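Overview (structure and organization)
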Amino acid sequence: MNQTLKSKIMGSLSAVLPITAIVLALSIFIVPIDIGAVVMFFVGAIMLIVGMGMFELGSEIAMTPIGEGIGVSLSKSKSILAIAAISLLMGILITIAEPDLQVLSNQVPGIPNRILILTVAVGVGIFLASAVLRIIFKIHLSNLLMLLYAGLLILSFFIPKEFLAVAFDSGGVTTGPITVPFIMAMGVGISLVRGDKNASSDSFGLVALSSVGPILAVMLLGLFYTPKNASYTSAEVSSVATMRDVARTFLFELPHYIREVMISLLPIVAMTLIFQLITHRYHQRQKLRIMMGFLYTYVGLVLFLCGVNVGFAPVGSMLGRDLAASSQRWLLVPIGMLIGYFIVKAEPAIQILNRQVQSVTDGAISAKSMNRCLSIGVSVSVGLAMLRILTGIPIAFIVIPGYVIALVMSKFVPDIFVGIAFDSGGVASGPITSTFLLPLCIGTCEMLGGNIMTDAFGVVALVALTPLIAVQIMGIQYRIKLNRMPQTAQATPTIPADSDEIIEIEED
């Protein structure tokens, strides 16, 4: 277990290290940052690294077996109503505990945190139930996605523009390190019982459909809130003079997150206990392992949120303001592209996805080519996000054509690539996007006097959009290579039998 935890922490370190290096370089060469702020940033980064590592380990050893167990039990049930109700409830409870969503909710002005979190959670729950029913009734994923996204794009023309960017951002942040392992495991559990030739392919798509729910829910929330009149209070870096001040600042905020995380996780723990009492699925050793997983999840989430909100995100916001105030504000575009490029290269979940595609295509699409494609794509996405802030380009001008392209492409690629592509939309929009890029965009927009709701929000949505197109490009490339092969050498893409590898495709 200790070795596994070390591996998770090293993975978190590789994800955060490029950002810290870029911030350090900027503070030296372009926008000088007070030494106290730098220390707060580094302490926050350390807490984020350790917390993310512990959280991912806890989620893996607790959420994954629970999700798979519930998926297997649901698929054996003969009551469609019970299947839908349990899927709805689990989707709500899991989403409430998602750290990326909590980070986003703290930064959206004009909407109470609890209201936004509950709205998004209900959206995930409803569409998770729909996704489970899709697997059971064997409904074609591509057609369903095309219908749903067409509806979203039409609805986007009728909602307040202040909610459009936040709505699409919500779809990206909900597919985080706690939601994805659970939902993917549910899909695997259901497909294991079904056992037909398309079951493995159909296990993909739960995350994709669950991401539609938050977008729709937040769009509808726009009918009740008017954030354009809300004031935004930017996160300020605490003024510190000594290391004692630094320690005191973090320790003062820690009890708040201890309480908040406990409130978020208790319903999941309660549901797990009820599930075990009804099914008696897990033996003593498994129960102890799941309990340890919940402990890792709890401690990791407390450290993660405290480090992000106290030390990490405020420096991102400050850096954005300083860059926007300088005469070199145009550097925001290349700096954003540089951050986007390294975020993808360092994200462990991206590497798992790339190896999965290489395995599915029997090496026809290499992990290296996938990595290069996604790195370039996300780099462009972040550059566009910065360009939007500087120029005021509406998010709809990018998101709507992007989704139209992705949906049209879905009709020309193998079915399995459609599921992987739309599931992987949340992979790139991992914790670093919501904890650093979004505050950076908010700080920049604030200094330039722009509308935070329409101009700053949207970076998560753009980052989440890229894999939809990139993975399907690889799918088209695979189909072309397959068509050029002799008929006897052609093989149908298959999913590796190791369910653990499948489950971990989208951990972020």
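The structure this text deals with has already been given above.
I will try to describe carefully the structure that is included in this document. (Residues numbered from 1 in each chain as written. Predicted model: local features only at pLDDT ≥ 70, side-chain atom pairs only at ≥ 80, totals over all residues. Heavy atoms only, no water.)

**Quick notes on the nonpolar core**
Inside soluble globular proteins, nonpolar side chains tend to come together where they are buried. Definition in use: For our purposes a nonpolar core is just a set of buried Ala, Val, Leu, Ile, Met, Phe, Trp, Tyr and Cys residues, chained together by side-chain atoms within 4.5 Å. Buried residues are those whose accessible area, probed at 1.4 Å on protein chains only, stays under 20% of the maximum for their type, while exposed residues exceed 50% and partly exposed ones sit between those limits. Every residue pair with non-hydrogen atoms within 4.5 Å of one another is taken to be in contact.
Grouped together as the largest cluster of nonpolar side chains are 156 residues, with contacts concentrated most on Phe422, Phe436 and Phe457. Those residues within four positions of Phe422 in sequence are excluded, and the remaining contacts are Leu145, Tyr149, Ala208, Ala406, Leu407, Ser410, Leu468 and Gln472. In terms of nonpolar packing, the next biggest core, distinct from the first, is built from 5 residues, Leu5, Met54, Leu57 and Ile61 among them.

**Looking at the state of the cysteines**
Simply put, disulfide is the name for a covalent bond between the sulfur atoms of two cysteines. Going by this rule: Disulfide assignment relies on a single distance test, namely cysteine sulfur atoms paired within 2.5 Å.
This structure, assessed with the given rule, holds 0 disulfides. Sulfur of Cys445: no disulfide; nearest cysteine sulfur belongs to Cys441 and is 8.8 Å away. In this structure Cys445 comes out as buried when scored by relative accessible area, which is 1%.

**Some remarks on the environment of Ser379**
Operational definition: Counting from the N terminus, the helices are the DSSP runs of H or I reaching at least four residues and the strands are the DSSP runs of E reaching at least two.
Turning to its location among the elements, Ser379 is positioned in helix 15 (residues 367-391). The class of Ser379 is buried, set by a relative accessible area of 9%. In this structure the C-alpha to C-alpha distance between Ser379 and Phe342, which are 37 residues apart in sequence, comes to 8.3 Å. Those residues in contact with Ser379 that sit more than four places away from it in its chain are Met337, Gly340 and Tyr341.

**With respect to empty space enclosed by the protein**
This is how it is decided: The method works on a 1 Å grid over the protein atoms by themselves. A cavity is a set of points holding a 1.4 Å probe that cannot get out, a pocket is an open set with protein on both sides within 12 Å along at least five of seven lines, and residues with an atom within 4 Å of a point line them. Grid points are joined across faces, edges and corners, and a volume is the space filled by probe spheres set on the points. Under the grouping applied here, Gly and all other residues not named as nonpolar or charged are polar, the nonpolar ones being Ala, Val, Leu, Ile, Met, Phe, Trp, Tyr, Cys and Pro and the charged ones Asp, Glu, Lys and Arg.
Across all of its chains, the model carries 2 cavities of 30 Å³ or more by this definition. In this structure, the second largest cavity encloses a volume near 40 Å³. Lining the second largest cavity are Thr20, Val23, Leu24, Ser27, Ile33, Val38, Phe41 and Phe42. Of all elements in the fold, only helix 1 (2-29) and helix 2 (35-76) reach the threshold of two or more residues within the lining of the second largest cavity. Among the elements that take part in the lining of the second largest cavity, helix 1 stands out by supplying 4 residues, more than any other. Here the residues of the lining of the second largest cavity sort into 6 nonpolar, 2 polar and no charged.

**Some thoughts on the packing of aromatic side chains**
The condition that has to hold: Each Phe, Tyr or Trp ring, with Trp reduced to its six-membered ring, pairs with another whose centre is within 6.5 Å; inter-plane angles below 30 degrees give stacked pairs, above 60 give edge-to-face pairs, and intermediate values give tilted ones.
Inspection of the entire model under this criterion finds 10 aromatic pairs. Ring plane angle 15° and centroid distance 4.9 Å describe the contact between Phe41 and Phe312, whose orientation is recorded as stacked. Residue Phe41 is located in helix 2, and its partner Phe312 is located in helix 12 (residues 284-325); the two are separated by 271 residues in the primary sequence. Residue Phe41 is classed as buried on the basis of its relative accessible area of 1%. What links up through ring pairs into an aromatic cluster is the set Phe41, Phe42, Phe312 and Phe436.

**Examining a nonpolar patch on the surface**
Test applied: What goes into a patch is any residue over 30% in relative accessible area without a salt bridge, connected to like charges within 9 Å or, for nonpolar side chains (Val, Leu, Ile, Met, Phe, Trp, Tyr), within 5 Å. To measure how exposed things are, a 1.4 Å probe is used in the Shrake-Rupley method; for residues, cover is taken only from the protein chains shown. Only one rule defines a salt bridge in this text: a Lys or Arg side-chain nitrogen within 4 Å of an Asp or Glu carboxyl oxygen.
Judged by side-chain polarity, Met337, Ile376, Val380, Leu384 and Leu387 come together as a nonpolar surface patch covering roughly 360 Å² of accessible area. Along the chain, the position of Met337 falls in helix 13 (residues 332-346). Relative accessible area serves as the criterion here: at 31%, Met337 is assigned to the partly exposed category.

**Re the pattern of salt bridges**
The full count for this structure, using the stated rule, is 4 salt bridges. The partner of Arg114 in a salt bridge is Glu260, and the shortest N-O contact between them spans 3.2 Å. Remark: Glu260 occurs in helix 11 (residues 243-279) and Arg114 occurs in helix 5 (residues 113-137); sequence separation between them is 146 residues. Salt-bridge contacts for Arg248 lead to Asp245; the nearest nitrogen and oxygen are separated by 3.0 Å. Taken together, the positions of Arg248 and Asp245, both in helix 11 and 3 residues apart, correspond to about one turn of that helix. Since its relative accessible area comes to 49%, Arg248 is described here as partly exposed.

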